[in-house]
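A look at the structure
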There are 2 protein chains.
Amino acid sequence: MLITSKDNNRIKEVRKLLNKKYSLQKGLFVIEGENLVEEAIKNDLLVELFVLDGYSCNYEFNYDTVTLDVMKSMSDLKSTPRLLGVSKIKNNNKIGNKILILDGIQDPGNAGTIIRNSVAFDIDTIIFSNDSVSPYNEKVLRSTGGMIFNTNILIGNIEELIKEIKDKNIKVIGTSLKSSISLEKLEKIDEFAIIFGNEGNGVKEDILNLCDKIVRIDMNPKCESLNVGVSSAIILYYLYK
Amino acid sequence: MLITSKDNNRIKEVRKLLNKKYSLQKGLFVIEGENLVEEAIKNDLLVELFVLDGYSCNYEFNYDTVTLDVMKSMSDLKSTPRLLGVSKIKNNNKIGNKILILDGIQDPGNAGTIIRNSVAFDIDTIIFSNDSVSPYNEKVLRSTGGMIFNTNILIGNIEELIKEIKDKNIKVIGTSLKSSISLEKLEKIDEFAIIFGNEGNGVKEDILNLCDKIVRIDMNPKCESLNVGVSSAIILYYLYK
């Protein structure tokens, strides 16, 4: 079927999924491009697929064709995709023992980079605070390079989750430029939860108060701070090796 | 003086500086925002300053006021700045002994992140290959957080410069996902040149052939590669500590 109207009910429903709250409520998110669509099919999570008129598609999955205007109306990205799908959010909600927690991360590029770093360095659970950007935001997805389906992601109240983690005797490590403990002093442990904070403000004070340890990355004082995607890579790599 | 026309000759000259080739030829670049303008004044490199009509400015520097339209015409960024200046390019062209080389980096955000990482971890010379993005591109400048004036940057033919560096007995280290030497095996040396490659293709084969050593960062094979800004941070931090 060729869908030519942006007012088609299914197309309107896809557009609504671009809203974080609605997407989480429905347990669905929008994915763009071959890479993500293939991953969603592989993981048996794809529920709908739209293909730009004029292109064909060889997946064993029923799809609808849409006009350029209709495709554009569903996409948040600058370049209009040839393929756009709706995927289920994989929700197992189990917390592992190599945990990364994001406290108020706002920039989609940073969130995507951190997800990619987490897959690279064996993090088994990524927790986004309720006030962080959605991990299912299209700009986040683009920065992860298809890694979203290789990770276990939770969104929730991180104060409560940190208490739950501490109850399991897993050490919780905060990060702060003002900490007196430099990364090299941090014992390399197998089970941990490491927290990274908002781009401007860092980890919130009341979250830092819950931590067993707080570390900093030493650097030349000429540089005020590092990008949070970069900091996470340095610390995750340290704990990985 | 209030400049109201985009066709004013000085305004047209600023716009021409947004072009990489022209900017390098003139030895001048456009800077936006208080942070960079202040740094340029501090370093005695500012040559012109334009302030958006309606704002005042307390610097001891002669400036001209411009209308919103005129300001917009000079800016490459989405948000129009209140302050926009023209700065001299600080060109000392001396190569130090902690060198970072960029081979064909294209993304301005990555270039900015790498400059910031370099300041953090004591790199004294950053070399951009001729086919890399300009370090004086406004999007690069925005990602460096004002660090551009704290670094020594060269742009040039990196094959020739690598030969020059090797003549000084400084070890040249390439990076490649396919290398058999993992980062931990790399001897921590005080003098080095480390090369990072293009986002899609990595360091060019003929550049890798000039290297004394080539390293990789170990990671979970589920993750195909890391962002180059992230990789540079991990390796520079390793060499710094």
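Note that the structure is predicted; figures quoted are calculated from it, not measured.

Thresholds, definitions, all that
Residues numbered from 1 in each chain as written. Chains lettered and ligands numbered in written order. Predicted model: local features only at pLDDT ≥ 70, side-chain atom pairs only at ≥ 80, totals over all residues. Heavy atoms only, no water. Helix = DSSP H or I, 4+ residues; strand = E, 2+ residues; numbered from the N terminus. Rg over C-alpha atoms; globule rule 2.2 N^0.38 Å. Buried < 20%, exposed > 50% of the residue type's maximum accessible area, 1.4 Å probe, protein only. Contact = heavy atoms within 4.5 Å. Areas by Shrake-Rupley, 256 points an atom, 1.4 Å probe, with all protein chains shown as cover. Pairing = 2+ DSSP bridges. Axes fitted to C-alpha atoms, helices over the stretch in contact; angles between N-to-C directions. Core = buried A, V, L, I, M, F, W, Y, C linked by side-chain atoms within 4.5 Å. Buried area = accessible area lost by both parts, 1.4 Å probe. Salt bridge = Lys/Arg side-chain N within 4 Å of Asp/Glu carboxyl O. pLDDT = per-residue confidence, 0-100. Least-squares fit on C-alpha atoms with pLDDT ≥ 70 in both. Patch = residues over 30% accessible without salt bridge, like charges linked within 9 Å, V, L, I, M, F, W, Y side chains within 5 Å. Lys, Arg positive; Asp, Glu negative; His and termini not counted. Charge placed at Lys NZ, Arg CZ, Asp CG, Glu CD. Phe/Tyr/Trp six-rings, centres within 6.5 Å; stacked < 30°, edge-to-face > 60°.

Structural notes on the overall build of chain A
When you go through chain A residue by residue, the secondary structure sums to nine helices and 12 strands. In terms of overall dimensions, chain A is globule-like: its C-alpha atoms have a radius of gyration of 20 Å, near the 18 Å expected for 241 residues. Overall size of chain A, expressed as C-alpha extent along the three principal axes, is 60 × 40 × 30 Å. Considering chain A as a whole, with its 241 residues, one finds that 54% of them fall into the buried category. Put simply, 74% of the contacts in chain A that link residues at least 6 apart link residues at least 24 apart. Of the roughly 11,300 Å² of accessible surface on chain A, a fraction of 44% belongs to carbon and sulfur atoms.

Brief notes about the sheet that holds strand β3 (residues 46–52) of chain A
Residues and elements named next belong to chain A. Across the sheet, five strands lie side by side as β1-β4-β3-β5-β2; this open sheet has mixed pairing. One side of each edge strand has no neighbouring strand; the edge strands of this open sheet are β1 (2–3) and β2 (28–32). Of the pairings in the sheet, the one linking β1 to strand β4 (residues 64–66) comprises two bridges and is parallel in character. Paired with Ile3 across the strands is Val66, a residue of β4. Running at roughly 110 degrees to β3, helix α1 (residues 9–16) makes contact with β1, β2, β3, β4 and β5 (83–88) of the sheet.

Quick word on the nonpolar core
Ranked by size, the top nonpolar core spans 105 residues in total, and within it A:Leu100, A:Phe121, A:Ile234, B:Leu100, B:Phe121 and B:Ile234 carry the most contacts. With residues up to four places along the chain from it excluded, the contact list for B:Ile234 reads A:Phe121, A:Ala233, A:Ile234, A:Tyr237, B:Leu183, B:Ile217 and B:Leu226.

Side note on the interface of chain B and chain A
Taken residue by residue, the interface counts 28 residues in chain B and 28 residues in chain A. Summed over both partners, the interface of chain B with chain A comes to about 2,400 Å²; 60% of that surface belongs to carbon and sulfur atoms. Together, B:Arg116, B:Lys222 and B:Tyr237 form the three largest contributors to the area buried by chain B at its contact with chain A, with a combined 22%. Counting across the interface, chain B meets chain A through four salt bridges. With its nearest N and O atoms 2.8 Å apart, the salt bridge here joins A:Lys241 to B:Asp218.

Examining the pattern of salt bridges
Tallying each qualifying case throughout the model produces 18 salt bridges over all chains. With a shortest N-O distance of 2.4 Å, A:Asp103 and A:Lys204 are connected by a salt bridge. Of this pair, A:Asp103 sits in strand β6 (residues 98–103) while A:Lys204 sits in the loop between β11 (192–197) and α8 (205–208), and the two are 101 residues apart along the sequence. In this structure A:Asp103 comes out as buried when scored by relative accessible area, which is 1%. A salt bridge links B:Arg10 to B:Glu48; its shortest N-O distance comes to 2.7 Å. Pair noted here: B:Arg10 is in helix α1 (residues 9–16) and B:Glu48 is in strand β3 (residues 46–52), with a separation of 38 residues, a long-range link. Residue class for B:Arg10 comes out partly exposed when judged on its relative accessible area of 31%. A network of salt bridges, in which partner residues are shared, links A:Glu184, A:Arg216, A:Asp218 and B:Lys241.

Focus on the pairing of strand β12 (residues 213–216) of chain B
All names here are of chain B. Summarising the sheet, strand β9 (residues 171–175) and β12 pair through three bridges and their orientation is parallel. Looking at β12, one finds that Ile173 is bridged to Lys213. Across two bridges, the pairing between strand β10 (residues 181–182) and β12 is parallel. For Ser182, the partnering residue across the bridge sits in β12 and is Arg216.

Details of the confidence of the model for chain A
Looking at chain A as a whole, its pLDDT mean stands at 94, while 100% of the residues score no less than 70. On the interface metric, ipTM, the complex scores 0.89, and its pTM is 0.91.

With respect to the relation of the copies chain B and chain A
The two copies are related by a screw operation: chain B maps onto chain A through 180 degrees of rotation and 0.0 Å of translation along the axis, at an RMSD of 0.0 Å. Both chain copies can therefore be described as sitting about a two-fold axis. An overlap of 100% is found between the interface residues of chain B and their copies at the interface of chain A, pointing to a shared contact surface.

Side note on a positive patch on the surface
A cluster of basic residues, A:Lys78, A:Lys139, A:Arg142, B:Lys78, B:Lys139 and B:Arg142, forms a positive patch on the protein surface. Residue assignment for the positive patch shows that the elements contributing at least two residues are α6 (138–144) of chain A together with α6 (138–144) of chain B. Among the structural elements, B:Lys78 can be located in the loop between α4 (68–74) and β5 (83–88).

Points about the packing of aromatic side chains
Summed over all chains, the structure comprises eight aromatic pairs over all chains. Taking the centre distance of 5.3 Å and the plane angle of 50 degrees together, the rings of A:Phe121 and A:Tyr240 count as tilted. Of this pair, A:Phe121 sits in the loop between α5 (108–120) and β7 (125–129) while A:Tyr240 sits in helix α9 (residues 228–240), and the two are 119 residues apart along the sequence. Residue classification places A:Phe121 among the buried positions, given a relative accessible area of 3%. When the ring of B:Phe29 is compared with that of B:Tyr136, the centres are 4.6 Å apart and the planes differ by 50 degrees; the resulting orientation is tilted. Highlighted residues: B:Phe29 in strand β2 (residues 28–32) and B:Tyr136 in the loop between β7 (125–129) and α6, separated in sequence by 107 residues.

Comments concerning the sheet that holds strand β1 (residues 2–3) of chain B
Residues and elements named next belong to chain B. Spatially, the five strands line up as an open sheet ordered β1-β4-β3-β5-β2, and their pairing is mixed. Lying at the two open borders of the sheet, with one neighbouring strand each, are β1 and β2. By the bridge criterion, three bridges tie β3 to strand β4 (residues 64–66) in an arrangement that is parallel. By the bridge assignment for β4, Leu52 is matched with Val66. Sitting on the sheet, α1 touches β1, β2, β3, β4 and β5, and the angle it makes with β3 is about 110 degrees.

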